[in-house]
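# A structural walkthrough
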Amino acid sequence: MGTDETPGGDNRGRELPAEVHSAPAEPVEGAAPVRGEPRDKQQDDERAPSLRGRQRLKEGLWPPRVTRPQLIVALLLFVLGLGLAIQVRSNNDSSALRGARQEDLVRILDELDDRTQRLEGEKQRLEDQRTGLENSSDQAEEARKQTVEKERQLGILAGTVAAQGPGITLTIDDKKGSVEADMLLDAIQELRAAGAEAIQINDVRVVANTYLSDTDSGGVRVDGRKVGKPYRFKVIGKPQDLEPALNIPGGVVQTLEKEQATATVTRAEKIVVDALRAAKRPDYARSSSQ
């Protein structure tokens, strides 16, 4: 009675299987946390991989590790950016010519051609002087003639002798008192660039070291001497070069007109520049031939 009978008459005791330990169930997303395990601990375990990833990213970026190829690429990019900036700036500088009329552009080209011809003529003149000195039978006399001519030219440039010749007269009428010294200086520079050989403003001779300044009362001083209105320029040079140089787009005449001043240019076959400057003897410099 104490044992179980089997169908075959074999009376054997039935043994229970050994205890099997089951593996802990994996957490299911969205399921409630397992009883007995803190919820904060589970959240920390989930954030740990992302924190470690940020740390690795931070360690990879800082401190920066610069390699030689990276330096070369950075240098090439810098040079490329500098070139683009220079090109953009040059394009902006030439924007004034882009909006110029066709006849104005033709006038500017003619002025450039005239300047080139003047330089070529000066070069040819110097070469002729050298050839004359080399081929003259009396080189001493030829040298003396050239020295006298050079002294006369230098006297005109220095303002110590009077000069006359073809040229123009520029009259600036400034009724509003808006013309300043820098505007007159721009006119002088433009005339010199166009080949002016002698310039006189009212009764003051303009030379290489001439300076202009504004006065407290609204006028202009030339070499410390106040010049009255209107400002009258007497300029000796080629009229065909001097007048277009003042009338180019954005040039002297247009600038003065924007300031409500009137600029009048008149050509003449004979302009007399008779304002003189005293020749100053240098205190220390002496000729090396002495």
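Our structure is the block above this text.
Residues numbered from 1 in each chain as written. Predicted model: local features only at pLDDT ≥ 70, side-chain atom pairs only at ≥ 80, totals over all residues. Heavy atoms only, no water.

## Description of the pattern of salt bridges
In a structure, side chains of opposite charge can pair up when their charged atoms sit close to one another. The tally for this structure, following the rule as stated, stands at 5 salt bridges. In this structure, Arg152 and Glu149 form a salt bridge, with 2.6 Å as the shortest nitrogen-oxygen distance. Remark: Glu149 and Arg152 occur in helix H5 (residues 139-158); sequence separation between them is 3 residues, near one turn of the helix. Here Glu243 makes a salt bridge to Arg267, at a shortest N to O gap of 2.4 Å. Placement of Glu243 in helix H7 (residues 239-246) and of Arg267 in strand E8 (residues 262-273) is noted, with a sequence separation of 24 residues between them. (Salt bridge = Lys/Arg side-chain N within 4 Å of Asp/Glu carboxyl O. Helix = DSSP H or I, 4+ residues; strand = E, 2+ residues; numbered from the N terminus.)

## Points about the side chain of Gln200
Among the structural elements, Gln200 can be located in strand E2 (residues 198-201). Within the local environment of Gln200, its side chain forms a polar contact with the backbone oxygen of Asn202, the two atoms lying 2.8 Å apart. In terms of polar contacts, Gln200 uses its side chain to reach the backbone amide nitrogen of Ala275, at 3.1 Å. For Gln200, the contacting residues outside a window of four places in its chain are Arg232, Phe233, Lys234, Val273, Asp274 and Ala275. (Polar contact = N/O pair within 3.5 Å; in protein donor to acceptor, adjacent residues only side chain to side chain. Contact = heavy atoms within 4.5 Å.)

## A closer look at unusual backbone geometry
Residues Lys229 and Pro230 are joined by a peptide bond in cis, for which omega reads 0°. For Pro230, the position within the fold is in the loop between strand E6 (225-227) and strand E7 (231-236). For Asp223, which is not glycine, the phi dihedral falls at a positive 55°. Within the secondary structure layout, Asp223 lies in the loop between strand E5 (220-222) and E6.

## With respect to the pairing of E2
Of the two faces of E2, the one lined by Ala198 and Gln200 and the one lined by Ile199 and Ile201 are each fully buried. Inspection of the sheet shows E2 paired to strand E3 (residues 204-206) by 3 bridges, in the antiparallel sense. Considered in E3, the bridge of Gln200 is made with Arg205. Where E2 hands over to E3, the hairpin turn is made up of 2 residues, of which Asn202 adopts a positive phi near 55°. (Buried < 20%, exposed > 50% of the residue type's maximum accessible area, 1.4 Å probe, protein only. Pairing = 2+ DSSP bridges.)

## A word on the sheet that holds strand E4 (residues 212-214)
Read across the sheet, 3 strands follow the order E4-E5-E6 without closing on themselves; strand pairing throughout is antiparallel. Whereas interior strands pair on both sides, the edge strands pair on one side only; in this sheet they are E4 and E6. In this sheet, neighbouring strand axes are inclined to one another by 40° on average, regardless of whether the strands run parallel or antiparallel. Of the pairings in the sheet, the one linking E5 to E6 comprises 3 bridges and is antiparallel in character. Counterpart to Arg221 in the pairing with E6 is Lys226. Across the sheet, helix H6 (residues 181-193) is in contact with E4 and E5; its angle to E4 comes to roughly 160°. (Axes fitted to C-alpha atoms, helices over the stretch in contact; angles between N-to-C directions.)

## Side note on the sheet that holds E7
Ordered by their spatial adjacency, 5 strands build an open sheet running E3-E2-E7-E1-E8, and the pairing between neighbours is antiparallel. Lying at the two open borders of the sheet, with one neighbouring strand each, are E3 and E8. Recorded for the sheet is a direction-independent mean angle of 25° between the axes of neighbouring strands. Of the strands in this sheet, strand E1 (163-173), E2, E3 and E7 are in contact with H6, which crosses E7 at around 10°. Strands E1, E7 and E8 of the sheet are contacted by H7, whose axis makes an angle of about 20° with E1.

## Points about a nonpolar patch on the surface
A cluster of nonpolar side chains, contributed by Leu75, Phe78, Val79, Leu82 and Ile86, occupies part of the molecular surface with about 520 Å² of accessible area. Within the fold, Val79 resides in helix H2 (residues 68-93). (Patch = residues over 30% accessible without salt bridge, like charges linked within 9 Å, V, L, I, M, F, W, Y side chains within 5 Å. Areas by Shrake-Rupley, 256 points an atom, 1.4 Å probe, with all protein chains shown as cover.)

## Side note on the nonpolar core
Within the largest apolar cluster, 32 residues are counted, with the highest numbers of intra-cluster contacts made by Leu191 and Phe233. If one sorts the elements of this core by residue count, H6 sits on top with 6 residues. Ile156, Ala163, Ile236 and Val273 belong to the second-largest nonpolar core, a separate cluster that totals 6 residues. (Core = buried A, V, L, I, M, F, W, Y, C linked by side-chain atoms within 4.5 Å.)

## Description of H7
Buried residues dominate H7, accounting for 6 of its 8 residues. Those residues of H7 not exposed but buried are Pro239, Asp241, Leu242, Pro244, Ala245 and Leu246.

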